[in-house]
Amino acid sequence: MRNRLKVLRAERNWSQADLADKLDVSRQSVNAIETGKYDPSLPLAFKIAAVFSLPIEQIFSADEVAQAAE
Amino acid sequence: MSVLPVSQNKRRALVRSLLIMFGGILVAFALAAHAWDVEVRGPMLAALVVFCVLAVLEFATFDEIAKRAHYIAWYWGSLLGFICIALMQVAFAFDGSPFVAVLQTLMQWFGAADASESFAAGMLFGPLLMAAGFFIVRGVDWLRSR
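Reference entry: report on the structure contained in this document. It should be emphasised that the depicted structure is a prediction, and the values quoted were computed from it without experimental measurement.

As for the pattern of salt bridges
Residue and element names in this part refer to chain B.
And then number 1: Counting across every chain of the model gives six salt bridges over all chains.
And then number 2: Ionic pairing is found between Asp141 and Arg138, a salt bridge with its closest N-O pair at 3.4 Å. Here Asp141 and its partner Arg138 are both found in helix α5 (residues 115-144), three residues apart, which amounts to about one turn of the helix.
And then number 3: What makes Asp141 partly exposed here is its relative accessible area of 32%.

Now the structure itself:
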């Protein structure tokens, strides 16, 4: 799974700690999601989408889909 | 109105601080009992109960990623502990094994134990190895995720 979390966060000038507070998770967890070490559950993915006010598919994409788009 | 912080991260930090504090109190009681031979069983048991309740509360404040890391560490860490116990059992079972000499040295240090003492020692040693495995796996995971 790929995600645009780092880019979206940078666009809003949020630190990992800012995003962690908005999502009620730890900063290490935000880092784990950003670096692709952990794929969030559906509830957390929906929460992330709500925080960025974007549909989930604009934040997360399957590896094959992302490779095909490239 | 709740006295606990609204933010999950602040709540987690508060519970963790209390957990460390009570962990310190437990160690202090154990050291005091050892150094000055004072009777602390009652207060120590009370502190242990509070520590256990706080540990459960801390787990409840974990996010899904921290919970998953704990599940993985308990699985692989305790498995590692089990494997160590099994290997030691096998090693001690063979006559002439170098481990038998280690066992004999330990028996000289601590004195020969009867069946109930051996059982109690096994009950303590097994979970100790599993907990050690947990901390090793959790530590490696923590270092990798920094």
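Concerning α5 of chain B
Residue and element names in this part refer to chain B.
And then number 1: The terminal C-alpha atoms of α5 lie 44 Å apart, and with 30 residues this matches the ideal 44 Å at 1.5 Å per residue to within 8%.
And then number 2: Among all positions in α5, only Gly126, Leu129, Gly133, Phe134 and Arg138 are buried.
And then number 3: Of the surrounding elements, those touching the buried residues of α5 are α3 (64-93).

What to know about the interface of chain A and chain B
Size of an interface, as often reported, equals the accessible area lost when the parts are brought together.
And then number 1: Chain A puts 14 residues into the contact, and the matching count from chain B is 10 residues.
And then number 2: Taken together, the connections running from chain A to chain B amount to seven residue pairs in polar contact (both at pLDDT 80 or more).
And then number 3: Broken down by secondary-structure element, the contributors of at least two residues to the side of chain A that touches chain B are α2 (16-23) and α3 (27-34) of chain A.
And then number 4: The element contributing the most residues to the side of chain A that touches chain B is α3 of chain A, with four residues.

Concerning α3 of chain A
And then number 1: Counted residue by residue, α3 of chain A has six buried out of eight residues, so it is predominantly covered.
And then number 2: Burial in α3 of chain A covers these residues: Ser29, Val30, Asn31, Ala32, Ile33 and Glu34 of chain A.
And then number 3: On its buried face, α3 of chain A sits against β1 (2-3), α1 (5-11), α2, α4 (42-52) and β2 (60-61) of chain A together with α3 of chain B.
And then number 4: Downstream of α3 of chain A by a residue or two, Gly36 of chain A has a phi angle that is positive, lying close to 80°.

Details of a nonpolar patch on the surface
And then number 1: On the surface, Phe99, Val102, Leu103, Leu106, Met107, Trp109 and Phe110 of chain B cluster together into a nonpolar patch covering about 750 Å² of accessible area.
And then number 2: By relative accessible area, Met107 of chain B is classed as partly exposed at 43%.

What about the nonpolar core?
And then number 1: Counting residues in hydrophobic clusters, the biggest one holds 20 residues, and the most contacted among them are Leu5, Leu19, Ile33, Ile48, Phe52, Ile59 and Phe60 of chain A.
And then number 2: Breaking this core down by element, the ones donating at least two residues are α1, α2, α3 and α4 of chain A.
And then number 3: With five residues, the top contributor of residues to this core is α4 of chain A.
And then number 4: With residues up to four places along the chain from it excluded, the contact list for Leu5 of chain A reads Leu19, Ile33, Glu34, Ile48, Phe52 and Ile59 of chain A.
And then number 5: If you look at the next biggest cluster of nonpolar residues, it comprises six residues, including Val15, Leu26, Ala47 and Leu54 of chain B.

Calculation notes
Residues numbered from 1 in each chain as written. Chains lettered and ligands numbered in written order. Predicted model: local features only at pLDDT ≥ 70, side-chain atom pairs only at ≥ 80, totals over all residues. Heavy atoms only, no water. Salt bridge = Lys/Arg side-chain N within 4 Å of Asp/Glu carboxyl O. Helix = DSSP H or I, 4+ residues; strand = E, 2+ residues; numbered from the N terminus. Buried < 20%, exposed > 50% of the residue type's maximum accessible area, 1.4 Å probe, protein only. Expected span 1.5 Å × (residues − 1). Contact = heavy atoms within 4.5 Å. Polar contact = N/O pair within 3.5 Å; in protein donor to acceptor, adjacent residues only side chain to side chain. Patch = residues over 30% accessible without salt bridge, like charges linked within 9 Å, V, L, I, M, F, W, Y side chains within 5 Å. Areas by Shrake-Rupley, 256 points an atom, 1.4 Å probe, with all protein chains shown as cover. Core = buried A, V, L, I, M, F, W, Y, C linked by side-chain atoms within 4.5 Å.

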